[in-house]
Amino acid sequence: PKPGWGSSLLDSISTDDFAGGAIAADTLLQGTASPQRFGILAGPVGDRRSDERIAGFLSRINDAVVTHADNWHRDAGRRAAREIIDENLTGLFAANDRLAQGTIMTYRDKNQPPPLIVGYDDAPIAEQIGLTTIALPWEQIANAVVQRVQLRLQGDLGPACTFLFQPAVIFHE
């Protein structure tokens, strides 16, 4: 919930998408040679997760080209990648792994090598295609949910808690 009265009544668990975007930028900065030109293949316009990932990335690389996909699926990544393929990018942050997959497919269709790409989510496709990705700590998130629910079911009436989990880079190359 948003900060305020409602958030004082509900426990919440979330991930730091801003930090994930910054980690993606740091990863690309270290993995590319000069001159560097970066892009972001973002999720749908107005999606909070995508907006936070973009903001985190831009906090490190403020001149990145931002292109939005119309949804989070592979085919949306393919469509959006057609807009950026001529940008001569050295690095691309895809706001999720399926968008990254679609981008790679578009570059292959055009017989062009893709730029260095970092995805997000560590979805199973990331490992299958050897994609570097920003991973969410799903096991720790699930454990926190179970522990919090168990406490509440046992009668804990303490103040609401907010858990914020940090993502980490995973190299599947």
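Residues numbered from 1 in each chain as written. Predicted model: local features only at pLDDT ≥ 70, side-chain atom pairs only at ≥ 80, totals over all residues. Heavy atoms only, no water.

S.K.: For the nonpolar core, give the residues involved together with the corresponding values.
M.R.: Judged by nonpolar contacts, the single largest core of 16 residues is most densely connected at L41, A69, L92, L99 and I117. Elements supplying a minimum of two residues to this core: α3 (74-84), β4 (91-94) and α4 (97-109). L92 has contacts with L28, G39, I40, L41, I84, T103, P115, L116, I117 and V118, leaving out every residue within four places of it along the chain. (Core = buried A, V, L, I, M, F, W, Y, C linked by side-chain atoms within 4.5 Å. Buried < 20%, exposed > 50% of the residue type's maximum accessible area, 1.4 Å probe, protein only. Helix = DSSP H or I, 4+ residues; strand = E, 2+ residues; numbered from the N terminus. Contact = heavy atoms within 4.5 Å.)

S.K.: Would you mind going over the sheet that holds strand β6 (residues 132-135) in detail, with residue names and values included?
M.R.: A sheet is described by the order of its strands in space; here six strands give the open sequence β3-β2-β4-β5-β6-β8, paired in mixed fashion. A single partner strand is all that each edge strand has here, and the edge strands are β3 (65-68) and β8 (168-170). Going across the sheet, the axis of each strand differs from the next one's by a mean of 20°, ignoring polarity. In terms of strand pairing, strand β2 (residues 38-42) meets β3 through four bridges, oriented parallel. Paired with L41 across the two strands is T67, which belongs to β3. Strands in contact with α4 are β2, β4, β5 (116-121) and β6; relative to β5, the strand with the most contacts, it is inclined by about 150°. (Pairing = 2+ DSSP bridges. Axes fitted to C-alpha atoms, helices over the stretch in contact; angles between N-to-C directions.)

S.K.: Run through the pattern of salt bridges, naming residues and quoting values.
M.R.: On inspection of all chains with the given rule, the structure shows 13 salt bridges. Residues D11 and R148 are paired through a salt bridge, measuring 3.4 Å at the closest nitrogen-oxygen approach. Placement of the pair is D11 in the segment before β1 (12-15) and R148 in helix α6 (residues 138-153), with a sequence separation of 137 residues. Overall, D11 belongs to the partly exposed group, its relative accessible area being 27%. Among the charged side chains, a network of salt bridges with common partners joins D17, R48, R53, R98 and D121. (Salt bridge = Lys/Arg side-chain N within 4 Å of Asp/Glu carboxyl O.)

S.K.: Would you mind going over the pairing of β3 in detail, with residue names and values included?
M.R.: Each regular strand shows side chains that alternate between the opposite faces of the sheet. Taking every second residue as pointing to the same face, the buried face of β3 carries V65 and T67, while none of V66 and H68 on the other face is buried. Handedness of the crossover joining β2 and β3 through helix α2 (residues 48-58): right-handed. (Right-handed = clockwise from strand over helix to strand, strands pointing away.)

S.K.: Tell me about the environment of L99, and name the residues and values.
M.R.: Residue position: L99 is located in helix α4. Considered as a pair, L99 and N111 are 12 residues apart in the sequence and their alpha carbons are 19 Å apart. Filtering out sequence-adjacent residues up to four positions away, L99 remains in contact with L41, A42, G43, A69, N71, W72, H73, A76, G77 and A94.

S.K.: Now, about α4: what can you tell me, with residues and values included?
M.R.: With 13 residues, α4 should cover 18 Å at 1.5 Å per step; its first-to-last C-alpha distance of 18 Å lies within 8% of that length. Within α4, the full set of buried residues consists of D97, L99, A100, Q101, G102, T103, I104, T106 and Y107. Packing partners of the buried residues in α4 comprise β2, α3, β4, β5, α5 (124-129) and β6. Between a side-chain oxygen at the N-terminus of α4 and the backbone nitrogen of R98 the separation is 3.1 Å; the capping residue is N96. (Expected span 1.5 Å × (residues − 1). Polar contact = N/O pair within 3.5 Å; in protein donor to acceptor, adjacent residues only side chain to side chain.)

S.K.: Which residues make up the packing of aromatic side chains, and what are the values?
M.R.: According to the stated counting rule, one finds two aromatic pairs in the structure shown. Summarising the aromatic geometry, the rings of F57 and F93 are spaced 5.5 Å apart at their centres and angled 10° between planes, so their arrangement reads as stacked. A residue pair is termed long-range when its members are at least 10 positions apart, and F57 in helix α2 and F93 in strand β4 qualify at 36 residues. Residue F57 shares its accessibility class with F93, and that shared class is buried. (Phe/Tyr/Trp six-rings, centres within 6.5 Å; stacked < 30°, edge-to-face > 60°.)

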